[in-house]
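Residue strings, one per chain:
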Amino acid sequence: MKNNRRNFIKNVALNSAGLGLLGAIPNSVTAHKSIIAKPDLIKTWDKPRLKFAVIGMNHGHIYSMTEAIKRGGGELVSYYAKEAELNAAFGKRHPTAKQAKSELEILENKDIKLVLSAGIPCERAPLGIRVMKAGKDYMSDKPGITTLKQLAQVRKVQKETGQIYTIVYSERLENRATVKASELVKAGAIGKVVQTIGLGPHKMRPETRPDWFYDMKQVGGIITDIASHQFDQFLHFTNSTEAKVLAAQVKNVNHPQYPGFEDFGDAMVQGNGGSGYVRIDWFSPDGLNTWGDGRLTILGTEGFIEIRKNIDIARHDSGNHLYMADGKETIHMDCKDIELPFGPQMVDDVLNRTNTAMSQEHCFLTMELALKAQKLGLKS
């Protein structure tokens, strides 16, 4: 069976929907082959099929979130922020949308089916509850929930209303190489996944940070905030539906001028489909030509995948690089052309009441792990 592994992967890549990565590889391949992964064509729409709005733009992720829904056929009709400067900046980028006079104006608009937010982290869950109670679906930047109490409240209201509460874990959903890794793992390219190792380093750049950035009560803590990405990837790639945090720590290693700030954290987690290790920090040096050398390693029983999300250090300034090694060869894939399916899937889910973009329980379990790891880390 192992001898047929390459033929199996190649056939799946050529014939299955969502996989086209090995179509450019000949039958005889040397090790360390470098290719450009072939994209699938994602459907586009000539006219909008969903009206959506934005409330809260305190993090720049709101711009990529908005573009994702527009790619899915969404029409941005209105936006609102408490801060005049945020309204002005957002309106400049989206001149066809209307600036609402208040949050309530958006919530009372029955034509709007979906609300996006990248507000101050601690305000995202309360807003999501108001959105769901208004009969609309909600899509939050991570972390979409900052305390276990908020999580319990969100779960309760989501169950009562039946509305969708989605958190955009963009390091998986909006990273092209990670999308390709999902296809490979699903096809059995590296066998059964044993462990994920997720690294989320970030550049501090204090001159660009608002006051709330240094307040862990508003952010939720370094693990809650950044590591929600890594817990999402752990659950996704190990196919775990249950998990527990084994160990965690958070520290202020080198920023005493910001009392209570956390600049380092890590955690170990065990799921019913595999194990994981997470490390996040604010120590990316200024000499690095990106905000962070984010990486993901997926260990399987028949090989492994490593993703270099933002840069392939000392080789490529670009991101979206995937390396895979199995029993036959090592392949480098440039995934710059891979399509991002999350936006269209999210719009489909709103219209069809499905969960193709992300299951509701996966969304909540990711935050539960991050919140429990944060709490455990504070005791370390």
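Not measured: the values here are computed from a predicted model.

Novice: Is there a simple way to explain the sheet that holds strand β3 (residues 74-80) in this structure?
Specialist: Overall, parallel pairing links the six strands, which are arranged β4-β3-β2-β5-β6-β7 in an open sheet. Each having just a single partner strand, β4 (98-99) and β7 (165-168) make up the two edges of the open sheet. Bridge count between β3 and β4: two bridges; the pairing is parallel. Note that in β4 the partner of Tyr79 across the bridge is Gln99.

Novice: Would you take a moment to explain the packing of aromatic side chains for this structure?
Specialist: Centre-to-centre distance and the angle between the planes together describe a pair of aromatic rings. One pass over the full model with this rule turns up 10 aromatic pairs. The interplanar angle of 45 degrees and the centroid separation of 5.5 Å between the aromatic rings of Phe213 and Phe261 together place this pair among those described as tilted. Of this pair, Phe213 sits in the loop between β8 (193-201) and α9 (216-219) while Phe261 sits in the loop between β9 (243-251) and β10 (264-271); the two residues are 48 residues apart in sequence, bridging distant segments of the chain. Since its relative accessible area comes to 7%, Phe213 is described here as buried. Taking relative accessible area as the criterion, Phe261 reaches 2% and is therefore assigned buried.

Novice: Is there a simple way to explain the nonpolar core in this structure?
Specialist: Considering soluble globular proteins, one finds that nonpolar side chains tend to be buried as a cluster. One finds Ile145 and Phe231 to be the most contacted residues of the largest nonpolar core, which totals 80 residues. The element best represented in this core is helix α13 (residues 360-378), accounting for eight residues. In this structure Ile145 touches Ala125, Gln150, Leu151, Val154, Tyr165, Ile167, Thr224, Phe364, Met367 and Leu371, once residues within four positions along its chain are discounted. Within the second largest apolar cluster, 22 residues are counted, among which are Ala37, Leu296, Ile305 and Leu322.

Novice: Help me out: how do you make sense of the environment of Gln153 in this one?
Specialist: Assignment of secondary structure puts Gln153 in helix α6 (residues 148-161). The spacing of Gln153 and Thr208 is 55 residues in sequence and 33 Å in space, taken between C-alpha atoms.

Novice: Can you walk me through the pattern of salt bridges in this structure?
Specialist: Once the charged atoms of two side chains with opposite charge are near each other, the side chains can pair. A complete count under the given rule lists 21 salt bridges for this structure. Ionic pairing is found between Arg295 and Glu306, a salt bridge with its closest N-O pair at 2.9 Å. Taken together, the residues span a long stretch of sequence, with Arg295 in strand β12 (residues 295-300) and Glu306 in strand β13 (residues 303-308) at a distance of 11 residues. Judged by its relative accessible area of 19%, Arg295 is buried. On the basis of relative accessible area, Glu306 is assigned to the buried category, the value being 15%.

What counts, and where the lines are drawn
- Residues numbered from 1 in each chain as written.
- Predicted model: local features only at pLDDT ≥ 70, side-chain atom pairs only at ≥ 80, totals over all residues.
- Heavy atoms only, no water.
- Pairing = 2+ DSSP bridges.
- Helix = DSSP H or I, 4+ residues; strand = E, 2+ residues; numbered from the N terminus.
- Phe/Tyr/Trp six-rings, centres within 6.5 Å; stacked < 30°, edge-to-face > 60°.
- Buried < 20%, exposed > 50% of the residue type's maximum accessible area, 1.4 Å probe, protein only.
- Core = buried A, V, L, I, M, F, W, Y, C linked by side-chain atoms within 4.5 Å.
- Contact = heavy atoms within 4.5 Å.
- Salt bridge = Lys/Arg side-chain N within 4 Å of Asp/Glu carboxyl O.

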